[in-house]
Amino acid sequence: MKHSTKQRILALSMAGAMVFGMGVAEGPQVNAKKSSIDKLFARGKGTKAKPYQIKTAKQLENIGKNKTTLKKHYILKKNIDFKNKTIKNIGSVTMDQMNKGDMSLAFSGTFDGKGHTISNVKVNTEKKELGAGLFEIVTGTVKNVTVKNVTATGSDSSMFSGGVVGMAYGNSTVSNVKTTGKSKISGVNCTGGVVGGSWGAQVKKCSADGVTIIVNGDNDFSTGVIEQADSAETGGLIIGGGFTGTVSDCTASGTVKATGNEPVGLGGIGGCLQCMDLVSGNTATVTIQGKNGHAIGGLCGYAGVGDDGDGVIQDPATIKDCHVNVKIECGGSATHVGGLIGTGLYYYGMEDRFNVVDCSVKGSITGAVTPGTVAGRATGSTITSCDADVTIDGVKGTDQIGTTTRLYMSGDQYPEGSSQAAAVHLKNLAGTYQGLFETICDQKYDSIWEKYAATIVGADAAAATAKALKDSVTSKYMGSEAVDYYTKNPEASMAFNCFLTQNVASFSVEGDVITGYDKSGTKLFSHSYKFDSYAPLMGEIGLDIYKTDDKDAGEFTYFAFAGDTIQTSYHLEFRYGDNLEDIKQPLTGKYAYWLAAGITKDPDPILIDHVIQLFVIENLKQ
């Protein structure tokens, strides 16, 4: 990196001044003084008007020399062949620097390839780097360049891997950039043929031709709750994972392959195109292989707009004039699979929504659970003028939207205990519920309990294990009686009473009104509640506590709900009573060893299966 390329600058002198005109000069040629930066490149001054010229592989590498070179402007004057050399990524920001808002080591200038080709180059994630890419992190512009036969390899901890740009960040632009030849991009997170990760960037008129994307790593969603992960996450031929910004008028062909278990976010154009108001004019011909994966689509794995964390619910995203020919091979129990879009993401308390307009999809889906020819799941979304010709497991599909019942969730939500989280929580509790364990501990569901217990402890121990699990939540003791019992019998296995009390057999939540009923359907209470406070209960359980001002509420003065909802974990966990301090105490006081649980009234068999699966596997894996 210390070698420099000498250059000649034509200085034209007339009457003691520098004169530039029409390519013809009068007067003698003299040597102009060059700065140390100037010597790293062929010609130019690194400005927009006089960008540095790149003619050799070494000069291209010199862009990443230091903070000054990373801010300059460049044009490529010749094709560059690296001859399979592994080079250092241009522009590298550490996690510590990014967390401090220091992007001074990202490429913030302009690189204009002028239609030339960079070929046979390899880049890897190096120590302390966030990812891999010819340009690792870009906050400026990369345009008009073809990269042929590129190999970009991310490490097990990489945040992104891109064929040309690892991460396009902020107000950056990547336009008319092409990846061709035998190009292979691999990584565990945000793996893309042109751009690995895109955060607010404009990606337009880019293409990937015959590119192979490999998403490595494993996830485990055996409880049935699918939450966006940082491993085996998002891969696409143009963009691995995109958040805000735009992706428009891009074309792609190639293969997106996940090597591990339960990958998330795989797509022909992007693994995810989330929180983008408009995605338009994109076409893809792609084979996607994602065994037991989630959020898979010929255009993108997931997309849409909702509440991005500021409390403002935006209009749905528009997916317009996008056309894909796709072969999706799931080979297992993949969910949230669609010919065009996998799903919307459950993000800050609601699912992102998208409206599909004037699009088309042709191809096949195999090995997915209840997929759709257009979208695997599309809550609050619409599909208009979309031509879908997709076979599902060899049979022509008829449902444009699949019937996936599970949420595909982000770990990003409003902070637990905040007023925003409590408001979203109460809204998402809307429905009518009956006792959970009163329902699922019925003998007729024993086979489901034992089926999931067997996956952890084996078939021989399944029945006994299932019984022990049920005993742990169906104790006959609670309150002072439970405290006395465990004091006198310290050797006894601790168990909770998780049944409804106070003769409540069912209850409903509608807006801010909670109403309870007895077994005959007679109304026991009905009050309006507002958020009072938040309190941790035990372990990871915290309670959003709501209070009514009605003086006659008695044991229904407070309702305290844990963070679960039917949408997120198939059940509710909650307490109610008249003594706030006792509600906050799990093992002492009036409500000791009691934590009620609920499930949707008259639940269908799928919900029953899901909630037993969650309870059994989650508890046995602890």
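Everything discussed here concerns the structure shown above.
The shown structure was predicted, so the numbers you read here are calculated from the model rather than taken from an experiment. (Residues numbered from 1 in each chain as written. Predicted model: local features only at pLDDT ≥ 70, side-chain atom pairs only at ≥ 80, totals over all residues. Heavy atoms only, no water.)

Asks: Is there a simple way to explain the overall build of the protein in this structure?
Replies: Within the protein, the regular secondary structure consists of ten helices and 48 strands. Within the protein, the proportion of its 622 residues that are buried is 54%. For the protein, contacts bridging at least 24 residues in sequence account for 72% of all contacts bridging at least 6. Accessible area of the protein: about 26200 Å², with a carbon and sulfur share of 50%. When the 59 basic and 63 acidic side-chain charges of the protein are each reduced to a single mean position, those positions are 18 Å apart. (Helix = DSSP H or I, 4+ residues; strand = E, 2+ residues; numbered from the N terminus. Buried < 20%, exposed > 50% of the residue type's maximum accessible area, 1.4 Å probe, protein only. Contact = heavy atoms within 4.5 Å. Areas by Shrake-Rupley, 256 points an atom, 1.4 Å probe, with all protein chains shown as cover. Lys, Arg positive; Asp, Glu negative; His and termini not counted. Charge placed at Lys NZ, Arg CZ, Asp CG, Glu CD.)

Asks: So what exactly am I meant to see when it comes to the nonpolar core here?
Replies: Inside soluble globular proteins, nonpolar side chains tend to come together where they are buried. In this structure, F111, I118, V142 and I319 are the most contacted members of the largest nonpolar core, which totals 85 residues. Among all residues touching I118, those that are not within four sequence positions of it are L60, L76, I80, F82, F111, L134, V145, T146, V147 and K148. Among the nonpolar cores identified, the runner-up in size contains 67 residues, and F437, L543, L580 and I608 belong to it. (Core = buried A, V, L, I, M, F, W, Y, C linked by side-chain atoms within 4.5 Å.)

Asks: Which parts of the structure should I look at to understand the sheet that holds strand β41 (residues 506-510)?
Replies: Within a sheet, each strand pairs with its neighbour through backbone hydrogen bonds, oriented either parallel or antiparallel. One open sheet holds the nine strands; their spatial order is β43-β42-β41-β40-β48-β47-β46-β45-β44, and the pairing between them is antiparallel. The sheet is open, and its two borders are formed by β43 (523-528) and β44 (530-538), each paired with just one other strand. Here the average twist between neighbouring strands, direction ignored, is 30°. Strand direction decides the pairing type here: strand β40 (residues 431-435) and strand β48 (residues 596-600), joined by three bridges, are antiparallel. (Pairing = 2+ DSSP bridges. Axes fitted to C-alpha atoms, helices over the stretch in contact; angles between N-to-C directions.)

Asks: Can you walk me through the pairing of strand β26 (residues 270-274) in this structure?
Replies: Looking down a regular strand, the side chains alternate between one sheet face and the other. Burial within β26 is extensive, with five of its five residues counted as buried. Pairing analysis gives four bridges linking strand β22 (residues 239-243) to β26, with the strands arranged parallel. Paired with G242 across the bridge in β26 is L273.

Asks: Got a minute to help me understand the sheet that holds strand β13 (residues 165-169) in this structure?
Replies: The strand order across the open sheet built from seven strands is β10-β13-β17-β22-β26-β30-β33, with neighbouring strands paired in parallel fashion. Both outer strands of the open sheet, β10 (135-138) and β33 (341-343), are each paired with one neighbouring strand and no more. Looking at each pair of strands side by side, their axes are set apart by 15° on average, direction ignored. Bridging between β10 and β13 involves three bridges; their strand directions are parallel. In the sheet register, I137 faces β13, and the bridge partner there is M167.

Asks: Honestly, the environment of A464 in this entry has me stumped. Any pointers?
Replies: If you trace the backbone, A464 turns up in helix α6 (residues 459-471). Residues A464 and G511, spaced 47 residues apart in sequence, show a C-alpha to C-alpha distance of 42 Å.

Asks: Explanation requested: unusual backbone geometry in the structure shown.
Replies: In terms of backbone geometry, most residues other than glycine have negative phi values and most peptide bonds are trans. In this model, N120 sits at a positive phi of 55°, which is unusual for a non-glycine residue. The residue N120 is located in strand β8 (residues 117-124) in this model. With a phi angle near 55°, T234 is a residue other than glycine that sits in the positive phi range. Relative accessible area serves as the criterion here: at 1%, T234 is assigned to the buried category.

Asks: Would you mind going over the pattern of salt bridges with me for this structure?
Replies: In this structure the tally under the stated criterion is 17 salt bridges. Notably, a salt bridge pairs K621 with D220, separated by 2.6 Å at the nearest N-O pair. Of this pair, K621 sits in the segment after α10 (605-620) while D220 sits in the loop between β19 (207-215) and β20 (226-227); the two residues are 401 residues apart in sequence, bridging distant segments of the chain. Judged by relative accessible area, which is 43%, K621 ranks as partly exposed. One salt bridge connects K590 with E555, and the closest N-O pair in it is separated by 2.6 Å. Here E555 lies in the loop between β45 (541-547) and β46 (558-561) and K590 lies in the loop between α9 (580-583) and β48, a separation of 35 residues in the sequence. Overlapping salt bridges, with partners in common, bring together K88, E126 and E129 in one network. (Salt bridge = Lys/Arg side-chain N within 4 Å of Asp/Glu carboxyl O.)

Asks: Would you mind going over the state of the cysteines with me for this structure?
Replies: Two cysteines, two sulfur atoms, one covalent bond between them: this is a disulfide. For the structure shown, the criterion picks out zero disulfides. Cysteine C250 shares no disulfide, and the gap to the nearest cysteine sulfur, in C206, comes to 4.8 Å. (Disulfide = S-S within 2.5 Å.)

Asks: Teacher, can you tell me more about a positive patch on the surface here?
Replies: Taken together, the side chains of R43, K55, K77 and K78 make up a positively charged region of the molecular surface. Inspection of the secondary structure puts K55 in the loop between β4 (52-54) and α1 (57-61). Exposure remark for K55: the relative accessible area of 34% places this residue in the partly exposed category. (Patch = residues over 30% accessible without salt bridge, like charges linked within 9 Å, V, L, I, M, F, W, Y side chains within 5 Å.)

Asks: Quick question: what am I supposed to make of the packing of helix α5 (residues 446-457) against α10 here?
Replies: Each pair of packed helices gets described by two things: the angle between the helix axes and the distance between those axes. Relative to each other, α5 and α10 sit at 30°, their axes nearing to 9 Å. In this view, α5 runs roughly parallel relative to α10, as classed from their interaxial angle. The chirality of how α5 crosses α10 is right-handed. Here I448, W449, K451, Y452, A453, T455, I456 and V457 of α5 come into contact with α10, specifically with I608, D609, I612, Q613, F615, V616, I617 and L620. (Parallel < 35°, antiparallel > 145°, perpendicular 65-115°, else oblique. Left-handed = near helix turned anticlockwise from the far one by under 90°.)

Asks: I'm lost on α10 in this one. Help?
Replies: Because each turn of an α-helix spans 3.6 residues, side chains separated by three or four positions in sequence point in the same direction. Its 16 residues place the ends of α10 22 Å apart at the C-alpha level, agreeing with the 22 Å of an ideal helix rising 1.5 Å per residue. Those residues of α10 lying buried are L607, I608, D609, H610, V611, I612, Q613, L614, F615, V616 and I617. Its side-chain oxygen at 3.1 Å from the backbone nitrogen of I606, D604 defines the N-terminal cap of α10. (Expected span 1.5 Å × (residues − 1). Polar contact = N/O pair within 3.5 Å; in protein donor to acceptor, adjacent residues only side chain to side chain.)

Asks: Can you walk me through the pairing of strand β31 (residues 317-320) in this structure?
Replies: By the alternation rule, side chains of β31 split into A317 and I319, which are all buried, and T318 and K320, of which none is buried. Direction of pairing for strand β27 (residues 278-280) relative to β31: parallel, over a ladder of three bridges. In the sheet register, S280 faces β31, and the bridge partner there is K320.

Asks: Looking at this model, I keep getting lost on the side chain of Q274. Mind explaining?
Replies: Mapping Q274 onto the fold places it in strand β26. Here Q274 falls in the buried class, since its relative accessible area comes to 6%. In contact with Q274, other than residues within four places in its own chain, are G242, F243, T244, Y302, A303, G304, L345, Y347 and D352.

Asks: Looking at this model, I keep getting lost on the packing of aromatic side chains. Mind explaining?
Replies: Within a pair of aromatic rings, the relevant descriptors are the distance that separates the centres and the angle that separates the planes. Within this structure, the stated rule accounts for 32 aromatic pairs. Arranged with centres 5.2 Å apart and planes meeting at 75°, the rings of Y485 and Y486 form a pair that is edge-to-face. Residue class for Y486 comes out buried when judged on its relative accessible area of 12%. (Phe/Tyr/Trp six-rings, centres within 6.5 Å; stacked < 30°, edge-to-face > 60°.)

Asks: Even after reading the chapter, I still don't get helix α7 (residues 479-488), so can you show me in this structure?
Replies: Taken together, the buried positions of α7 are occupied by G479, A482 and Y486. Seen end-on, α7 carries its buried residues on one side only, within an arc spanning 45°. Pointing more than 90 degrees away from the buried face of α7 are the exposed residues S480, T487 and K488. (Arc of directions from axis to C-beta.)

Asks: I keep staring at the side chain of H73 and nothing clicks. Help me out?
Replies: In this structure, H73 sits in strand β5 (residues 73-76). Residue H73 is classed as buried on the basis of its relative accessible area, which comes to 15%. H73 has contacts with G46, T47, K48, P51, Y52, G109 and T110, leaving out every residue within four places of it along the chain.

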